[in-house]
Amino acid sequence: MARDVVELQAVGRTYGSDPPVEALRGVDLAIHGGEWVAIVGPSGSGKSTLLNILGCLDHPTVGTYRIDGLDVSRLSDAELTAVRARSIGFVFQSFHLLGYRTALENVMLAELYAGGLRNGRRERALAALERVGMADRREFLPTKLSGGEQQRVAIARALLGSPSLLLCDEPTGNLDSANTASLMSLFDALARQGLTLVVVTHDEEVAATAGRVVRIVDGRIDQEGE
Amino acid sequence: MSPEPPPPPRLPLRELVREAGAGLLARPARVGLTVLGTVIGVGALVATLGLSKTAGNQIVGRFSEVAATDVVITPVPGAIGGDEARTAIPWDAEARLRRLNGVAEAGTLSDVDVRGELVRSVPINDPLGQTDVQLPVKAASPGLWRAVRARLAAGRFPDAGHSERADRIVVLGANAARRLGIRNVEQQPAIFIGDRLYQVAGLVAKVQRQASLLGSVTVPEGTARRDFGLVAPASVQVETDIGAVEVVARQAPRALHPANPALLRVAAPPDPETLRAGVENDLNALFLLLGGVSLLVGALGIANVTLVSVLERVGEIGLRRALGAARRHIAAQFLVESAVMGLLGGIVGASLGTLVVVGVSASRTWTPVLDPWMPLAAPLAGALVGLLSGTYPSLRAAAVEPVEALRAGTQ
């Protein structure tokens, strides 16, 4: 059995103090390497909070979170930043591509803060674009690309640096059904290649494509299904 | 067994500058307008400093030619000693001073008291021509003409022999000659002072010192002693070598009156360096203030635009944080962007300022003078302005929380 990439134990997150809002309570979740997990739930259910914690963008208030076996729940802000740079690739609903950089430069941005090798960054970025089928669009500015193409570039950026975990926040939220379908088959292919994939979505069709669905309601994991 | 946290992310300076540069290049028009204030500020400062230095040098340059080598010695009026003071300058002053190091030329000059006698040209029958005029009469030693850098229009200057023999000859200044109706010396004109006839030896066209000579009738010193009872030279005009003014000014009174040099007063020009500094200070104060104000306005402009840019690029900040940028990387990027804007403004401003200095100098045929450090220091000053004005916006950018930034920024 593959090692757990993500391991949440009794994780809770409380915002504010007057009155405190419990966005997450007692969440236990383990995700194996190579799994494709969809996190679904109505808005306000806490799935964004869960995503932020999984992405090391936020600390859990209680509980422990291990990523690749490293307990990150008590790491400092700077250390969390380093974990993000090395272990996590992000894909956002609004793509977050820099409008003034070409597709290739946007992908290369992923290794900017990672330390690591400086040589061959261009080649690796090209390979990542190849992986999402966007190599021929490498010199295009994002404004010249369709939504689906922009999201593919964003995925290529997230893949660069071989993260342990690819976190996607509503990746199909701004896409039409044709682009959504094509993105799903890309996710499918990536999952087959052994990438650990977590997709937060409210789209049941997207969730249905995933290997495993985690349903979250009122800050708790309600039900898990295959 | 728990793995170690990964090392903190690093961002080499080269990469940082490249990121900041790309950020700026994405908005060239905005950068251009933002930088304008700094351009004007730095340009005004460079132009002001350059022009005042150029003008200062120009003034000193003119000043050095004549005035910086000018020393005049006169007896102290009303000094204790009465007659002794009036006769403190000896007849051989010229010879005594020429023995001093640093004295190029020297000559004595005195006003002659002609007791109200008029000067007349030889009467001719011209009812309209005025021939009787009241002209000042002066007495000069032979060396004086060289010491005042006199230029002849016609004739010659009297020499030592004329003075010793007390020859009755005169030199007319250009204005005096015009009033007397004398234009040349070829027909050996003569004039009367009172009842005595004097031959006109020379006509002076120009002098660079003692301009009153141009309106005067000047006789040799020996002639003035015999005809008008001149008791002693009234002043000594000295031209020194360049840079020798102070030495000559100190030594001349002792050379002229070793027994009591305090009886003599020396008029020497101020130190040229002090004069130049004075000129520069007067010019500088106002324009430096103007330059400083426009630089301040430029700084506020950069601060304002950088702050707006931070708010606009919240999404980009969130993305960079998600990609592993530490807060300091974000702050550094915006700092470098504003510093580069300031640097650009400084470079353009320094160039424009230098052009202004060169242009103004060319139109006035001055020699442009600019401190060599100026073209280097001005862009640095611009960069410093940019850095300072970028501080607050950068801190704001660094404080942005990635979670909120990613949610807010939909570009």
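Because the structure is predicted, anything quoted here is derived from the model rather than measured.

Colleague: Give me the lowdown on the overall build of chain B, citing residues and values where you can.
Modeller: Looking only at helices and strands, chain B has 14 helices and 12 strands in total. The long-range share in chain B, meaning contacts at least 24 apart out of those at least 6 apart in sequence, stands at 85%.

Colleague: Describe the interface of chain B and chain A, naming the residues involved and giving the relevant values.
Modeller: Note: interface size is frequently given as the accessible area lost on complex formation between the parts. Each partner contributes residues to the interface: chain B has 27 residues there, and chain A has 30 residues. Here the side of chain B that touches chain A takes 4 residues from helix α11 (residues 314-322) of chain B, the largest share from any one element. Within the side of chain B that touches chain A, the residues separate by chemical class into 17 nonpolar, 7 polar and 3 charged.

Colleague: An account of the sheet that holds strand β4 (residues 62-67) of chain A is requested, with residue identities and associated values reported.
Modeller: Think of a sheet as strands paired side by side through backbone hydrogen bonds, with each pair either parallel or antiparallel. With respect to topology, 4 strands assemble into an open sheet ordered β2-β1-β4-β5 (chain A), the strand pairing being antiparallel. Taken across any chain shown, the strands that pair with only one partner, and hence form the sheet edges, are β2 (21-32) and β5 (70-71) of chain A.

Colleague: Could you give me a rundown of the nonpolar core, with the residues and numbers involved?
Modeller: Residues A:V107, A:A156 and A:V198 are the most contacted members of the largest nonpolar core, which totals 125 residues. The leading source of residues in this core is helix α12 (residues 327-364) of chain B, at 14 residues. In terms of nonpolar packing, the next biggest core, distinct from the first, is built from 52 residues, B:A88, B:I89, B:V137 and B:V171 among them.

Colleague: Quick one: what's the story with the pairing of strand β8 (residues 190-193) of chain B, residue by residue and with numbers?
Modeller: Residue and element names in this part refer to chain B. Judged by which residues are buried, β8 turns out to be one-sided: I191 and I193 face inward and are buried, whereas A190 and F192, on the alternate face, are not. Across 4 bridges, β8 lies against strand β9 (residues 196-206) in antiparallel orientation. Its bridge partner being in β9, I191 is matched across the sheet by Y198. Once β8 ends, the chain turns through 2 residues before running back antiparallel as β9, passing G194 with a positive phi of about 65°.

Colleague: Can you break down helix α13 (residues 374-399) of chain B residue by residue, with the values?
Modeller: Spanning 26 residues, α13(B) covers 37 Å between terminal C-alpha atoms, matching the ideal 38 Å at 1.5 Å per step. Largest kink in α13(B): about 40°, centred on B:T391, with the proline B:P393 one to four residues after it.

Reading the values: rules and limits
Residues numbered from 1 in each chain as written. Chains lettered and ligands numbered in written order. Predicted model: local features only at pLDDT ≥ 70, side-chain atom pairs only at ≥ 80, totals over all residues. Helix = DSSP H or I, 4+ residues; strand = E, 2+ residues; numbered from the N terminus. Contact = placed C-beta atoms within 7 Å. Nonpolar A, V, L, I, M, F, W, Y, C, P; charged D, E, K, R; others polar. Pairing = 2+ DSSP bridges. Core = buried A, V, L, I, M, F, W, Y, C linked by C-beta atoms within 7 Å. Buried ≥ 20, exposed ≤ 12 C-beta atoms within 10 Å, placed from the backbone. Expected span 1.5 Å × (residues − 1). Bend = angle between axes of the 7 residues up to and from the residue.

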